[in-house]
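Geometric and topological summary
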Amino acid sequence: MRLYERLGQALALRGNIRVLTVEAMVTATFYGMLFVIWQPFVLGLGASMSVLGGLSAALGLLGSFSSPIWGRLSDKVGRKPLLILSNALKACALIFCIIADTWFLLIPYVLLMGLSASYRQFNPARASVVAESVGREERGVAYSVLMFSSQIATAVVAPLGGFLAIVYGFVPIFYACMAADIACALLTIVFVRETLEERSHVEVSSRNRSGWRVLRGMFWPEPHLKGFYVAIVVDSFAWGLGFSILYGMLVSSFGFSTYELGLLSATLSVAWGVTQIPFGKLIDRYGRKLFLLVSEAFGFVSVLGWLLSSRFDHFVVLQIPFGISIASWVPTVSAFLADNVSREGRAEAMGRLQAFRGLLAFPAPYIGGLFYDAWGYGAPLFLNLLGSFVAFVLLYVLVRERYPEARTAPKNQCMDF
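Let me sum up the structure you'll find in this document.

Right, let's talk about the overall build of the protein chain for a bit. If you tally the helices and strands in the protein chain, you get 18 helices and zero strands. Going through the 417 residues of the protein chain one by one, you find that 52% of them count as buried. Sequence separation of at least 24 residues holds for 86% of the intrachain contacts in the protein chain that already meet a minimum separation of 6. If you sum the accessible surface of the protein chain, you get close to 18200 Å²; carbon and sulfur atoms cover 69% of it.

What follows is the structure, encoded as structure tokens:
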């Protein structure tokens, strides 16, 4: 067997995974530049910092709220149509960035990009395609390959985006991102194979016509996964308290420059990318729960280091365990959920988890900022540290490796229609 064939087999690089990896690299290449220039672009249109924060919050909330809806639709009509629609919405959203001469014109951008459920998120339809394109024993490495591709591309192009914006302005980057979305949509149409074998359905009766019950069903967790949801929400809230405002605190408390913040970001991306695939292999070999705990432990070490440090070189070193924490967390959560829900309801479950994390952890950065204003740098990080410890305990106590209900549970077992 040739070397590239063996490598492809070891990394699950075949069929849909190969196409999705190419799409991930294309998207990260251009959106990696967009993430760098987005905030200066908005401020350049006359927006205040509070407006910028409001737009970012709206993007996150819309993405979180729409994720279970996207998942439910994906379970009904298939994965491919939703992937194509997501790219189309993103491409249309970028039109408003191109024509914007005031920040008010970015409101349609926020609506369309947020509703695409893809803004810095893993779209539930895409997550389901990955899970259904490989066997259970390869899911961890499949998710990791996609994450690795994105992080390496982002680490390379992020400084380039800032340079191009200085020389040519912001608009060429928006056009490039639009072209990337169109290219990914075409790749999906031509090469991605539909993985949903059986469409889900809900029988129409007088008992399930209530829109409230349908909505509740989309957002209510599966009974056997409630402990998992509780632990994940506590984790998201804890990291929202401290890490989400870390760079701002470093500037305000220690006077770090934007160049130094860029070096921290690059170090994080490299540490994340380099360790992503090895962790994917380990996750598939030794189980999911173990690496949820490993991730939380590495995160705990990182936050403790941030709490005790004030020197730039210390923070650079601390990005390494934090990158390892992310590399072991992201694919494990997706693989664990895919293992423990029925196939025909998988995309909706992926979206439901994103909604829980986004909606319930939404106020955490604001609360962390209040604690920073009142008690200084250490207060939000101490809360982050405490929350991370609580999340570790909850993961250990409440989460089991695999639930027998997942093999036979119907899609709507959590709904009381």
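There is more to say after this.
Below, the discussion takes up the pattern of salt bridges. Under the definition given, this model contains seven salt bridges. For the salt bridge of Asp181 with Lys90, the shortest nitrogen-to-oxygen distance reads 3.3 Å. One end of the pair, Asp181, is in helix H8 (residues 171–191); the other, Lys90, is in helix H4 (residues 79–99), with 91 residues separating them in the sequence. Here Asp181 matches Lys90 in class, with each residue buried. Across the pair Arg311 and Asp313 runs a salt bridge whose closest N-O atoms are separated by 2.6 Å. Taken together, the shared-partner salt bridges connect Asp75, Arg79 and Glu132 into one network.

On the surface, Val230, Phe382, Leu386, Phe389, Val390, Val393, Tyr396, Val397 and Leu398 cluster together into a nonpolar patch covering about 820 Å² of accessible area. Broken down by element, the residue count for the nonpolar patch peaks at eight residues, all from helix H17 (residues 378–398). Looking at where Phe382 falls in the secondary structure, it is placed in helix H17. Relative accessible area serves as the criterion here: at 46%, Phe382 is assigned to the partly exposed category.

Turning our eyes to something else, we now look at the packing of helix H14 (residues 312–339) against helix H15 (residues 346–360). Where H14 meets H15, the closest approach of the two axes is 10 Å, and the angle between their N-to-C directions is 130°. Accordingly, the angle class assigned to the pair H14 and H15 is oblique. For the crossing formed where H14 meets H15, the hand is right-handed. Along its contact with H14, which presents Trp329, Val333, Ser334, Leu337 and Ala338, the element H15 presents Arg346, Ala349, Met350, Leu353 and Arg357. Across the contact of H14 with H15, the residue classes break down as seven nonpolar, one polar and two charged.

On to the nonpolar core. Side chains of a nonpolar character, in soluble globular proteins, are inclined to be buried together. Core analysis: the biggest nonpolar cluster contains 39 residues, and Tyr143, Phe228 and Leu337 have the highest contact counts within it. Listing elements by their share of this core, those giving two or more residues are helix H2 (16–44), H4, helix H6 (124–133), helix H7 (139–168), helix H10 (226–241), helix H13 (288–308), H14 and H15. The element that contributes the greatest number of residues to this core is H14, accounting for six residues. Every residue in contact with Leu337, bar those within four places of it in the chain, is listed here: Leu225, Phe228, Ala349, Met350 and Leu353. Counting residues in hydrophobic clusters, the runner-up holds 28 residues, among them Val42, Ala47, Leu94 and Trp103.

Once that is clear, we can look at the packing of H10 against helix H16 (residues 364–375). It is the contact of H10 with H16, at a shortest axis distance of 7 Å, that shows an interaxial angle of 40°. As judged from the angle between their axes, H10 and H16 are oblique. For the pair H10 and H16, the sense of crossing is right-handed. In this structure, H10 contributes Phe237, Gly240 and Leu241 to the contact, and H16 contributes Ala364, Pro365, Ile367 and Gly368. Of the residues assigned to the contact of H10 with H16, the class counts are five nonpolar, two polar and no charged.

One turn of an α-helix holds 3.6 residues; hence residues three or four places apart share an orientation. Its 21 residues give H13 an end-to-end C-alpha distance of 31 Å, which sits within 8% of 30 Å, the value for a rise of 1.5 Å per residue. Along H13, the residues classified as buried are Arg288, Lys289, Phe291, Leu292, Leu293, Ser295, Glu296, Gly299, Ser302, Val303, Gly305 and Trp306.

The next subject is the packing of aromatic side chains. Overall, the coordinates contain 14 aromatic pairs when judged by the stated rule. Both rings, one in Phe254 and one in Tyr377, keep their centres 4.9 Å apart while their planes meet at 65°; by these two values the pair is edge-to-face. Separated by 123 residues along the polypeptide, Phe254 in helix H11 (residues 246–254) and Tyr377 in the loop between H16 and H17 bring together distant segments of the chain. A connected cluster of aromatic rings, assembled from ring pairs, spans Trp239, Phe243, Trp306 and Phe322. Here the basic side chain of Lys90 rests over the ring of Tyr31, its NZ or CZ set 4.6 Å away from the ring centre. Here Lys289 stacks its cationic end above the ring of Tyr396, 5.3 Å away from the centre of that ring.

Conventions used here
Residues numbered from 1 in each chain as written. Predicted model: local features only at pLDDT ≥ 70, side-chain atom pairs only at ≥ 80, totals over all residues. Heavy atoms only, no water. Helix = DSSP H or I, 4+ residues; strand = E, 2+ residues; numbered from the N terminus. Buried < 20%, exposed > 50% of the residue type's maximum accessible area, 1.4 Å probe, protein only. Contact = heavy atoms within 4.5 Å. Areas by Shrake-Rupley, 256 points an atom, 1.4 Å probe, with all protein chains shown as cover. Salt bridge = Lys/Arg side-chain N within 4 Å of Asp/Glu carboxyl O. Patch = residues over 30% accessible without salt bridge, like charges linked within 9 Å, V, L, I, M, F, W, Y side chains within 5 Å. Axes fitted to C-alpha atoms, helices over the stretch in contact; angles between N-to-C directions. Parallel < 35°, antiparallel > 145°, perpendicular 65-115°, else oblique. Left-handed = near helix turned anticlockwise from the far one by under 90°. Nonpolar A, V, L, I, M, F, W, Y, C, P; charged D, E, K, R; others polar. Core = buried A, V, L, I, M, F, W, Y, C linked by side-chain atoms within 4.5 Å. Expected span 1.5 Å × (residues − 1). Phe/Tyr/Trp six-rings, centres within 6.5 Å; stacked < 30°, edge-to-face > 60°. Lys NZ or Arg CZ within 6 Å of the ring centre and 35° of its normal.

So yeah, pure geometry; function would need other evidence.
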